[in-house]
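Here are the chains, one letter per residue:
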Amino acid sequence: MASPLDTLLQQQLAALDAVHRRRRLRPVSWADGVLRDAGGRALVDASSNDYLGLSRHPLVTARAAEWAQRHGAGAPASRLITGTREITLAVEEKLAAFKGCEAALLFSSGFQANATVIPALAGVMGSADGKVGAGDTANATAIFSDALNHASIVHGCRVARSKTQVFRHNDLQHLDDLLRQHAGRKLILTESVFSMDGDRADLPALVRLAERHGAALYVDEAHASGVLGPQGRGLAAECGGADIVMGTLGKAFGAFGAYVAGSRALIDWLVNGCPGFIYTTALPPAVLGAVDAALDLVPGMDAERARLAQNAQRLRAALALRKHDTLGSTTQIVPAVIGSEADALAAARRLEDAGILAVAIRPPTVPDGTSRLRFALGSHLDDAAMDRLLAAVGEL
Ligand SMILES: *Cc1c(COP(=O)(O)O)cnc(C)c1O
């Protein structure tokens, strides 16, 4: 007999099934750097975020293994208890230098960072005496969030006790209008590269706008870190002026986790005021080792970054030839808007038949009627792999 809870959950799943929106986990393998489906067939990976191939780089995997051997598999505690090893602080210093910031702080994941740093900051900004969550109306903080911001940012906004205003995607005039109407403190949230459309925020203009309105600017560099900006330092590195720069270490860095970089005051305050930092176990040594090695490698990978940009350019050109809208993509993330969910799923299936893994992205992740194939390319896709991908795209 199913429990009442299971009965409820089964009803929900059946409702998703009925509209073809039930998601399922599909097993793949990644042995020896080759992506294979459950049947063992090799696929061209056009969907992962391992943009520079670092998750399989020998220096990265060797240092992960070495640090695990030397320091243990797990972290023994949260950072404020006994989880702050010298290697943790050394990696944070290296990250701060990489981002050109005074300080940096590691988080367990990008989701955790956005989901907890945003409400913590909004809370302290909304109080006269700095007590988290003590929102007094005179200083009421408002959050201004781009319409295409990642689910983890949306989650952070929902948890925050401040009012969130969503501005139209990359529409700085709209943002300006909204900022003008708010007298209290202001926090602007944006990604530097948007995860679904592959376009960029105009960070220099956002920095100027934030300055003009006395707003704090929070930039999520999940898809730019390691890939864009001078030596892959991200787009915020190019213009300076963002107050909070967040990025992830599980994408181009090939490891796991996330960081927040900014002023010494920001980082010292987060150590005291951010529950998602305080009440969680420190990152394990293997992850720290992988991040440390990636930080040694990333600045010197201009050739890989050029290769990645060229792969994306070739794909956009092929899609344009077939009259597929690639939205504003100028990065390694390239959408091909298909329209209906059924057509997007069918296109993904056809690519898979041709040996290409490119996933269909559907509502609720993207708006209705804009179901799409979302390609996320890597510098490790060589000419042969790209030729196969472009040939399959040509058949769509
Ligand atoms: C992937 C992603 C995150 C979440 O990072 P994880 O480390 O995978 O939890 C946050 N923001 C954006 C824009 C992302 O694409």
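Values in this document were obtained by computation on a predicted structure and should not be read as measured data.

Reading guide: rules and limits
Sequence order sets the numbering: in each chain, residues are counted from 1 along the sequence as written. Local features in this predicted model are restricted to residues of pLDDT 70 or higher, and side-chain atom pairs are both shown and tallied only at a pLDDT of 80 or more, whereas totals for entire chains, interfaces and linings draw on every residue. Each side-chain value is worked out from all heavy atoms of the structure, with water and hydrogens disregarded. Between 30 and 60 degrees the pair is tilted, below 30 it is stacked and above 60 it is edge-to-face, where a pair is any two Phe, Tyr or Trp rings, Trp via its six-membered ring, whose centres lie within 6.5 Å. Numbering of helices and strands starts at the N terminus; helices are DSSP runs of H or I of at least 4 residues and strands are runs of E of at least 2. Between buried and exposed lies partly exposed: a residue is buried under 20% and exposed over 50% of the maximum accessible area for its type, with that area taken using a 1.4 Å probe on protein chains only. Here the rule is simple: two strands pair whenever DSSP picks up at least two bridges between them. In plain words, nonpolar cores are sets of buried Ala, Val, Leu, Ile, Met, Phe, Trp, Tyr and Cys residues tied together by side-chain atoms within 4.5 Å. These domain boundaries are the output of an automatic or database domain assignment. Any two residues whose heavy atoms approach within 4.5 Å at even a single point are treated as in contact. Every axis in this analysis is a line fitted to C-alpha atoms, fitted for helices over the stretch in contact. Angles between the N-to-C directions lie between 0 and 180 degrees. Proximity is defined per residue: if any heavy atom of the residue lies within 4 Å of a molecule or strand, that residue is considered near it. Pairs of N or O atoms are called polar contacts if they sit within 3.5 Å, as long as, within protein, a hydrogen donor faces a hydrogen acceptor (for residues adjacent in sequence, only side-chain-to-side-chain pairs). Throughout, the Shrake-Rupley method with a 1.4 Å probe supplies accessible areas, and for residues the shown protein chains are the sole cover considered. By convention in these notes, a salt bridge is any Lys or Arg side-chain nitrogen within 4 Å of a carboxyl oxygen on Asp or Glu.

### Let's talk about the packing of aromatic side chains
Tallied over the full model, the rule gives two aromatic pairs. Taking the centre distance of 5.7 Å and the plane angle of 90° together, the rings of Phe-98 and Phe-253 count as edge-to-face. In this pair, Phe-98 is assigned in helix α4 (residues 86-99) and Phe-253 in the loop between β9 (244-248) and β10 (258-262), connecting sequence segments 155 residues apart. Accessibility expressed as a relative area gives 3% for Phe-98, which makes it buried. Aromatic side chains Phe-107 and Phe-277 sit 6.1 Å apart centroid to centroid with 65° between the ring planes, which places their arrangement in the edge-to-face category. Linking Phe-107 in strand β4 (residues 103-107) with Phe-277 in helix α11 (residues 275-278), this pair joins segments that are 170 residues apart in sequence. The exposure classification of Phe-107 matches that of Phe-277, with both residues buried.

### Things to note about the pairing of β4
Most of β4 sits out of view: five of its five residues are buried. Across the two faces of β4 the burial is the same, with Ala-103, Leu-105 and Phe-107 and Ala-104 and Leu-106 all buried. As paired strands, β4 and β10 are joined by five bridges and run antiparallel to one another. Within the sheet, the bridge partner assigned to Ala-104 lies in β10 and is Ala-261.

### Structural notes on the nonpolar core
The biggest cluster of nonpolar side chains holds 81 residues, and the ones touching the most others in it are Leu-175, Ile-188, Leu-315, Phe-375, Leu-377 and Leu-389. With eight residues, the top contributor of residues to this core is helix α12 (residues 285-297). When residues of this core are sorted by domain, at least three fall in each of domain 1 (25-52 + 301-394) and domain 2 (58-299). With residues up to four places along the chain from it excluded, the contact list for Phe-375 reads Ala-46, Leu-315, Leu-319, Gln-332, Ile-333, Val-334, Ala-336, Leu-351, Ala-358, Leu-389 and Val-393. Ranked by size, the runner-up nonpolar core spans 29 residues in total, among them Phe-107, Ala-258, Val-260 and Leu-266.

### Focus on the environment of Pro-58
Following the sequence through the fold, Pro-58 ends up in helix α2 (residues 58-71). Along the sequence, Pro-58 and Ala-293 sit 235 residues apart, while their C-alpha atoms lie 9.6 Å from each other.

### Brief notes about the sheet that holds strand β11 (residues 333-339)
Neighbouring strands of a sheet are bound in pairs by backbone hydrogen bonds; such pairs are parallel or else antiparallel. Within the open sheet, the three strands sit side by side as β11-β14-β13. Their pairing is antiparallel. Each edge of the open sheet carries a strand with a single partner, namely β11 and β13 (359-361). Strand-to-strand twist in this sheet, taken as the mean axis angle between neighbours without regard to direction, amounts to 35°. Note: β11 against strand β14 (residues 371-376), six bridges, orientation antiparallel. From the neighbouring strand, Pro-335 faces β14, where its bridge partner is Arg-374.

### Let's talk about the site of the ligand
Around the ligand, the surrounding shell holds 14 residues, and the nearest of these are Gly-110, Phe-111, Asp-220, His-223 and Lys-251. Taking Gly-110, its main chain carries an N or O atom lying 2.7 Å from an oxygen atom of the ligand. A distance of 2.6 Å separates an oxygen atom of the ligand from a polar side-chain atom of His-223. In isolation the ligand has 380 Å² of accessible area, and contact with the protein removes 82% of it.

### Some thoughts on the side chain of Thr-190
With respect to the element layout, Thr-190 can be found in strand β7 (residues 186-191). Residue class for Thr-190 comes out buried when judged on its relative accessible area of 1%. Discounting chain neighbours no more than four positions away, the residues touching Thr-190 are Asp-146, Asn-149, Ala-201, Leu-203, Leu-206, Leu-217, Tyr-218, Val-219 and Asp-220.

### Some words on the pattern of salt bridges
A side chain with one charge can pair with a side chain of the opposite charge if their charged atoms come near. Going through the model one piece at a time under the given rule, you end up with 23 salt bridges. Across the pair Asp-176 and Arg-180 runs a salt bridge whose closest N-O atoms are separated by 2.6 Å. Of this pair, Asp-176 and Arg-180 both sit in helix α7 (residues 172-180), separated by four residues, roughly a single helical turn. Look at Asp-176 and you get buried, because its relative accessible area is 7%. Ionic pairing is found between Arg-212 and Asp-176, a salt bridge with its closest N-O pair at 3.8 Å. With Arg-212 in helix α8 (residues 203-213) and Asp-176 in helix α7, the pair connects residues that are 36 residues apart, well separated along the chain. Since its relative accessible area comes to 59%, Arg-212 is described here as exposed.

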